[in-house]
Amino acid sequence: ERLREINDKVDFFVKSRKLEEMQEIARKLAHNSESISSEEQRLASMKPEIERLKKEVEDSDRQKGIINQNIDLLKHRRKVDKLEEEIKQLTREHNAMGGKEASRKAKSAQQAIADLKESIAKENGKREGLAAQRRALKRKLNEEEYKDVETRHRMKMIDYETTNLVVQDLDKYYDALDKALLSFHGLKIGEINKIIRELWTLTYKGEDITSIQIVSGQDSSSRANRSYNYRIVMEKGNSQMDMRGRCSAGQRVLASIVIRLALAETFCLNCGVMALDEPTTNLDYENKKGLAIALAQIIASRAAQSNFQLVVITHDEDFVSMMKNELSSQTGFNMPERYYQVSREEGHDGKFYSKIHAVDFDEL
């Protein structure tokens, strides 16, 4: 069965003439192969010519580019010539208009224009800033903090002006008070010096110093810092000299006591207590007697004052006797009955104590 099937296929192939067709196709393939070989040989022979033509085309493109560049160069040269001619024309016109001076003015004008533009820009910036500030302030004025600000400002201005008027009035009052104080100061210095002269004449028994007085000098002219510098001068005839460094110890002590008594007489009318501690130190007999006379007169003149009291502390019994004699010669007051003596005594416990004894003047 298999063999029959193969024979059928062979008979079909023979009847269909496939073999002749294959032979025809093989012949055509051989012919085409010959044609291809011939064309390839022809193509190979044409390659040099093609290369030559390509080179000629490239050379022609290069030449064309060179020609175009030359054309552009000529065009630019014509433009340059034209511009140079225009420059020459402008130069002639420029020279006709003033030359360098015109250039300078033009540059100056251009600089001024630039400066003005810059200034305008700055001012515009400032204006914008101020406008923004104005808007911010308007918004702020609408806040509660600035409500009725004009009324409050008016009230504050009234307070300010009133305060200024008060200050001006106070300045006038201060000036008046200052003048009054200066006048009072001068009057008091005069009163003190008058009493000093009287006491000095009464107490000092020497002949080298006629009198002494207090001299004041103003250290500063400023009202707030005004102060006075006081010094003691001694007089002999029409001459005045500072006592500092030029007087004896006794004169210095006596001057100190006289000045204190004068100050007390001037300023302590309502405070009648005066205390003198060892007033006769460095005083000779005549000056001690003069001091006793002065104190006796002061006591006699102040006896009517209820709160007057003079306390003298001294170890000088001669001075106490002088005081007794001078007081007994005065009239118009009651003679003190006693004076007090302080002594130092030993107690039962072996310690020392101060003891005050009342001593009658009659026992002195």
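Bear in mind that the values here come from a model prediction, so they are computed numbers and not experimental data. (Residues numbered from 1 in each chain as written. Predicted model: local features only at pLDDT ≥ 70, side-chain atom pairs only at ≥ 80, totals over all residues. Heavy atoms only, no water.)

Turning our attention to the pairing of strand β2 (residues 228-236). Of the strand pairs in this sheet, β2 and strand β3 (residues 239-242) are connected by 4 bridges, and their pairing is antiparallel. Residue pairing in the sheet places Lys 236 in a bridge with Ser 239 of β3. (Pairing = 2+ DSSP bridges. Helix = DSSP H or I, 4+ residues; strand = E, 2+ residues; numbered from the N terminus.)

This part takes up the pattern of salt bridges. Pairing between side chains of opposite charge can happen when their charged atoms approach one another. On inspection of all chains with the given rule, the structure shows 7 salt bridges. One salt bridge in this structure joins Glu 345 and Lys 355, with 3.9 Å as the shortest N-O distance. Remark: Lys 355 occurs in strand β7 (residues 352-360) and Glu 345 occurs in strand β6 (residues 338-346); sequence separation between them is 10 residues. A relative accessible area of 34% places Glu 345 in the partly exposed class. For Lys 355, a relative accessible area of 40% gives the class partly exposed. (Salt bridge = Lys/Arg side-chain N within 4 Å of Asp/Glu carboxyl O. Buried < 20%, exposed > 50% of the residue type's maximum accessible area, 1.4 Å probe, protein only.)

Our focus in this paragraph is the packing of helix α4 (residues 149-203) against helix α5 (residues 249-267). Running from amino to carboxyl end, α4 crosses α5 at an angle of 135 degrees, the nearest separation of the two axes being 9 Å. Relative to α5, α4 is oriented oblique. As for the relative orientation of α4 and α5, their crossing is right-handed in sense. Contacts between α4 and α5 involve Lys 188, Glu 191, Ile 192, Ile 195, Ile 196, Leu 199, Trp 200 and Thr 203 from the first element and Gln 251, Leu 254, Ala 255, Val 258, Ile 259, Leu 261, Ala 262, Leu 263, Glu 265, Thr 266 and Phe 267 from the second. When the residues that make up the contact of α4 with α5 are grouped by side-chain class, the tally is 13 nonpolar, 3 polar and 3 charged. (Axes fitted to C-alpha atoms, helices over the stretch in contact; angles between N-to-C directions. Parallel < 35°, antiparallel > 145°, perpendicular 65-115°, else oblique. Left-handed = near helix turned anticlockwise from the far one by under 90°. Contact = heavy atoms within 4.5 Å. Nonpolar A, V, L, I, M, F, W, Y, C, P; charged D, E, K, R; others polar.)

On the surface, a cluster of nonpolar side chains totalling about 480 Å² of accessible area is made up of Val 166, Leu 170, Tyr 173, Leu 177 and Leu 181. Considering the arrangement of structural elements, one finds Leu 177 in helix α4. (Patch = residues over 30% accessible without salt bridge, like charges linked within 9 Å, V, L, I, M, F, W, Y side chains within 5 Å. Areas by Shrake-Rupley, 256 points an atom, 1.4 Å probe, with all protein chains shown as cover.)

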